[in-house]
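Close look at the chain arrangement
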Amino acid sequence: MTMTCLASPVLARLYAPGEDVPLDTDAPQSLRIERGARTAQPVIISLDSTHRGPALGGCRVKPYASWLDGLEDALRLSAAMTAKAALADLPYGGGKSVIALSSDTAARYAGVRRGDLLADIGEIVSSFDGRYITGPDVGTAPDDMAVIGQHTRHVLCRPTSAGGSGDSSAPTAAGVLACITAVRERVFGGRPARELTFAIQGLGHVGRLIADDLARQGASLLVADTEPARLRPAGRWHARVVAAERLLTSEADILVPAALGGILTPQVVPALRCRAIAGPANNQLSDDSVADSLHAHGIIWAPDPAVSAGGIVGAVAREIDRVPEPEVRKLLAAIGDRLGTILDESARSGRPPSHVARQRIRERLTGPGGGS
Ligand code: NAD
């Protein structure tokens, strides 16, 4: 057991050699790895925290070199969901499910046996009795949630035709756009988007909605995507297409990461030519120290757990709280107001926005109503 654990950096962090007990308070509240009854495929579910309420977090189904890499992703992503829910002031915690496929099983579960895999996931989610609520993530979509939803009530973002709130890209984009407004107000003296240049990395589900809206506001856009087909609307936006490897370091007022995590590294920071960064990509920093380096370089980084919360805020409001649509829009706009208070506190105290955000998360997880 210990030998296997030490093969994984995350487990090496949690367990000391020869020890069976977790040593680190970063350990998730609960971690379960269970094989599905139909497929025998291991389903990894990490509940990072349920102190503020049931753990929210999507279901990731993708190939990994080893299931231990999937386990690492589950631990890391569930902790990020705790931060996201706490910063959005939701009475929920963070969780994640990961199904780590191999190159052999990837084809099987994209095809005829997908229904069996989704049924297995639904049954395992159901066994948490509401302590874990799943939804779409990389490799799963609203249609998959409809199948999972035949086995558990604790699933968000089923298609609207199946009673869910559907794809979360639009509320996520709405939250990002509210945050961009907060950044314009705090960093650019309220200058309108049409006077600013935005560099958008990734024109997928969320990135293209952000680009559409900013183009409508008359903003100048630089865009990049590794999939040439995604660049087709660039002409309509009067956007300049930039090679994917050059986008990050292009000269722009606001960089909008909407593709991958881990893009902001110690090496990239000195080469950046933007004044602020605000985008939906999860886990943008390669490590926490990068936030300090951005601050030292005078670049305002809007913490991604605050910026990317629109998907969960919208799904909880529509499917659990059954809030009327005008109220949902106000809740999505409030994501920008919350970021604004983080940026204000950062400006007042001289601390990086990430430090302010971290302190808020800590207070919400340990303060009144936040459990222990
Ligand atoms: P997506 O997969 O639809 O789009 C990502 C796009 O990025 C794709 O078009 C891809 O080709 C492109 N891309 C990949 N590598 C690139 C590179 N090096 N340079 C430029 N483009 C590249 O994903 P999405 O749903 O639009 O989400 C975007 C980001 O926001 C992801 O990091 C996701 O985790 C995060 N996020 C999404 C949601 C949501 O509701 N969809 C919610 C919260 C956070």
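This is a predicted model, so every value here is computed, not measured. (Residues numbered from 1 in each chain as written. Predicted model: local features only at pLDDT ≥ 70, side-chain atom pairs only at ≥ 80, totals over all residues. Heavy atoms only, no water.)

Quick look at the site of the ligand now. Close contacts around the ligand come from 22 residues, with Ser 168, Thr 172, His 205, Asp 225 and Arg 230 the closest. Residue Thr 172 places a side-chain N or O atom 2.8 Å away from an oxygen atom belonging to the ligand. A distance of 3.5 Å separates an oxygen atom of the ligand from a polar atom in the backbone of Pro 280. Calculation on the ligand without its partners gives an accessible area of 830 Å², and the protein chains cover 78% of this total. Looking at the shell around the ligand, the elements with two or more residues in it are α7 (169-187) and α8 (205-216). Grouping the amino acids of the shell around the ligand by side-chain chemistry returns 8 nonpolar, 10 polar and 4 charged. (Near = heavy atom within 4 Å. Polar contact = N/O pair within 3.5 Å; in protein donor to acceptor, adjacent residues only side chain to side chain. Areas by Shrake-Rupley, 256 points an atom, 1.4 Å probe, with all protein chains shown as cover. Helix = DSSP H or I, 4+ residues; strand = E, 2+ residues; numbered from the N terminus. Nonpolar A, V, L, I, M, F, W, Y, C, P; charged D, E, K, R; others polar.)

Moving on to the state of the cysteines. Under the definition given, this model contains 0 disulfides. Among the cysteines around Cys 59, which has no disulfide bond, Cys 157 carries the closest sulfur, lying 12 Å off. The thiol sulfur of Cys 274 is not disulfide-bonded, and the nearest other cysteine sulfur, from Cys 179, lies at 16 Å. The buried category is assigned to Cys 274, whose relative accessible area is 10%. (Disulfide = S-S within 2.5 Å. Buried < 20%, exposed > 50% of the residue type's maximum accessible area, 1.4 Å probe, protein only.)

Here we come to the domain arrangement of the protein chain. Domain annotation for the protein chain reports domain 1 (2-162) and domain 2 (169-310 + 336-364). The C-alpha-based centres of domain 1 and domain 2 are spaced at 27 Å. With 10 residues of domain 1 at the contact, the number on the domain 2 side is 12 residues. Taken together, both faces of the contact between domain 1 and domain 2 bury some 1,000 Å²; the carbon and sulfur share is 60%. Between the two partners, domain 1 and domain 2, sit 1 salt bridge. Of the charged contacts, one joins Asp 89 and Arg 364 as a salt bridge, the two residues approaching to 3.9 Å between their closest N and O atoms. The interface formed by domain 1 and domain 2 includes 5 residue pairs in polar contact (both at pLDDT 80 or more). Considered class by class, the residues forming the side of domain 1 that touches domain 2 number 6 nonpolar, no polar and 4 charged. (Domains from an automatic or database assignment. Contact = heavy atoms within 4.5 Å. Buried area = accessible area lost by both parts, 1.4 Å probe. Salt bridge = Lys/Arg side-chain N within 4 Å of Asp/Glu carboxyl O.)

Strand order in this open sheet of 6 strands is β9-β8-β7-β10-β11-β12, and the pairing throughout is parallel. Two strands in the sheet have a free side with no partner beyond their single neighbour: β9 (240-241) and β12 (300-301). Strand direction decides the pairing type here: strand β10 (residues 254-257) and strand β11 (residues 276-277), joined by 2 bridges, are parallel. Within β11, the position partnered with Leu 255 by the bridge is Ile 277. Across the sheet, α8 touches β7 (197-201), β8 (220-224) and β10, and the angle it forms with β7 is around 165°. (Pairing = 2+ DSSP bridges. Axes fitted to C-alpha atoms, helices over the stretch in contact; angles between N-to-C directions.)

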